[in-house]
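Spelled out, the chains give:
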Amino acid sequence: MLKLGLVGHPVGHSMSPWIHEQLMDQQDIKGSYELFDLNPEKFDEEIQSSEIKGLDGFNVTVPYKEKIIPHLADLDESAKELGAVNTVKNTSKGWVGYNTDGTGFVDSLTNDYPNCLNNQARVLLLGSGGASRGIYHALLKNDVATIDIANRTLQRAKDIIGQSTASIDSHAIKLDEAAECLSDYDVVIQTTTVGMSPNDDQQIIPVKRLTKGTIVSDIVYRPMETRFLKEAKEYGARLHFGHQMLLQQAVYAFKIWTETNPDASGLLEEFEKKLKGV
Ligand code: ATR
């Protein structure tokens, strides 16, 4: 019996149990995936409970992606780089932390648009939270021409760029500046929570300056097609959706725990139906 779980607060609406149950079925593995909603005031105590210690592996979500680190025996390279962990494996030396968010995003994007992160590609990230930082680091491994970051608080965008030692053309800009020069970019990635249900009517920036054919991605997956994506589609953008990233990063975590090689593409259609409530 494989025992998996998710640690966070809150965790009630998570899609992870469904995804991992499908992956276990696909790989003919018997097991469970449980949700652990830990009290923020008692995190250090509750994370050491026998139930969590008994898991073979678990995912970590907000607000514990950084708080988990002192409890780990080791970190892989991506988690070390980011200072944040979304996947933990229980090993003979103790808990080992990984971060599959950035690579999950990049892989799901290049599955859809295989050559989009080439050495001519100009990429714009909107937002400077944890998700943006993970994606920025994963993008750096692809040797693109430019990665600019636009954020409401300019300093946070500067911090992400400043923390990296890579010699890439990268600028921190304001959101209104990003809206004005959207036509300069080949790939635009929305990484904030703006537009997430129940605030479906919100949109991070207007997209009227988009060039037809630009790839536009939104990591929000509820609703599946955000207002930002809807409008981008009207201006001729090619779209990439948040649920594709969610599925891919879950597949990575599952690979780390089970050393199997599951196929995400087979799950995509079912997952879309599930998100649409069909
Ligand atoms: P996480 O680490 O989960 O990504 P976060 O650190 O709270 O979350 O970051 C959320 C991102 O959404 C930030 O870029 C934030 O902008 P600020 O850095 O200026 O706070 C952005 N964000 C959230 N609400 C926003 C809004 N209404 N307008 C513009 N940006 C917003």
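Scroll up to find the structure this text is about.
Since we're looking at a predicted model, the values are computed, not measured.

Reading the values: rules and limits
- Residues numbered from 1 in each chain as written.
- Predicted model: local features only at pLDDT ≥ 70, side-chain atom pairs only at ≥ 80, totals over all residues.
- Heavy atoms only, no water.
- Salt bridge = Lys/Arg side-chain N within 4 Å of Asp/Glu carboxyl O.
- Helix = DSSP H or I, 4+ residues; strand = E, 2+ residues; numbered from the N terminus.
- Buried < 20%, exposed > 50% of the residue type's maximum accessible area, 1.4 Å probe, protein only.
- Pairing = 2+ DSSP bridges.
- Contact = heavy atoms within 4.5 Å.
- Axes fitted to C-alpha atoms, helices over the stretch in contact; angles between N-to-C directions.
- Core = buried A, V, L, I, M, F, W, Y, C linked by side-chain atoms within 4.5 Å.

S.K.: Can you lay out the pattern of salt bridges for me, pointing to particular residues and giving the numbers?
M.R.: When charged atoms on two side chains of opposite charge get close, those side chains can pair. Evaluation of the coordinates by the stated rule reveals 9 salt bridges. Among the ionic pairs, K65 bridges to D101, the shortest N-O distance being 2.9 Å. With K65 in the loop between strand 3 (57-60) and strand 4 (74-75) and D101 in helix 5 (residues 101-112), this pair connects stretches of sequence that are 36 residues apart. Taking relative accessible area as the criterion, D101 reaches 15% and is therefore assigned buried. In this structure, the salt-bridge partner of R133 is E66, at a minimum N-O distance of 3.6 Å. Of this pair, R133 sits in helix 6 (residues 130-140) while E66 sits in the loop between strand 3 and strand 4; the two residues are 67 residues apart in sequence, bridging distant segments of the chain. Residue classification places E66 among the partly exposed residues on the basis of a relative accessible area of 49%.

S.K.: Quick one: what's the story with the sheet that holds strand 12 (residues 238-241), residue by residue and with numbers?
M.R.: Pairing within the open sheet is parallel, and its 6 strands lie in the order 9-8-7-10-11-12. Of all the strands in the sheet, the pair left with one neighbour each is strand 9 (172-173) and strand 12. For strand 8 (residues 146-150) and strand 9, the ladder comprises 2 bridges, and the chain directions are parallel. Of the residues in strand 9, the one forming a bridge with I149 is A172. This element, helix 5, spans strand 10 (187-190), strand 11 (215-218) and strand 12 of the sheet and lies at about 145° to strand 12.

S.K.: Give a detailed account of the nonpolar core, specifying residues and quantitative values.
M.R.: Within the largest apolar cluster, 24 residues are counted, with the highest numbers of intra-cluster contacts made by F105, L109, L117, L125, I135, L139 and I189. Examining the composition of this core, we find that 4 residues originate from one element, helix 6, more than from any other. Counting residues in hydrophobic clusters, the runner-up holds 22 residues, among them W18, Y33, A264 and L275.

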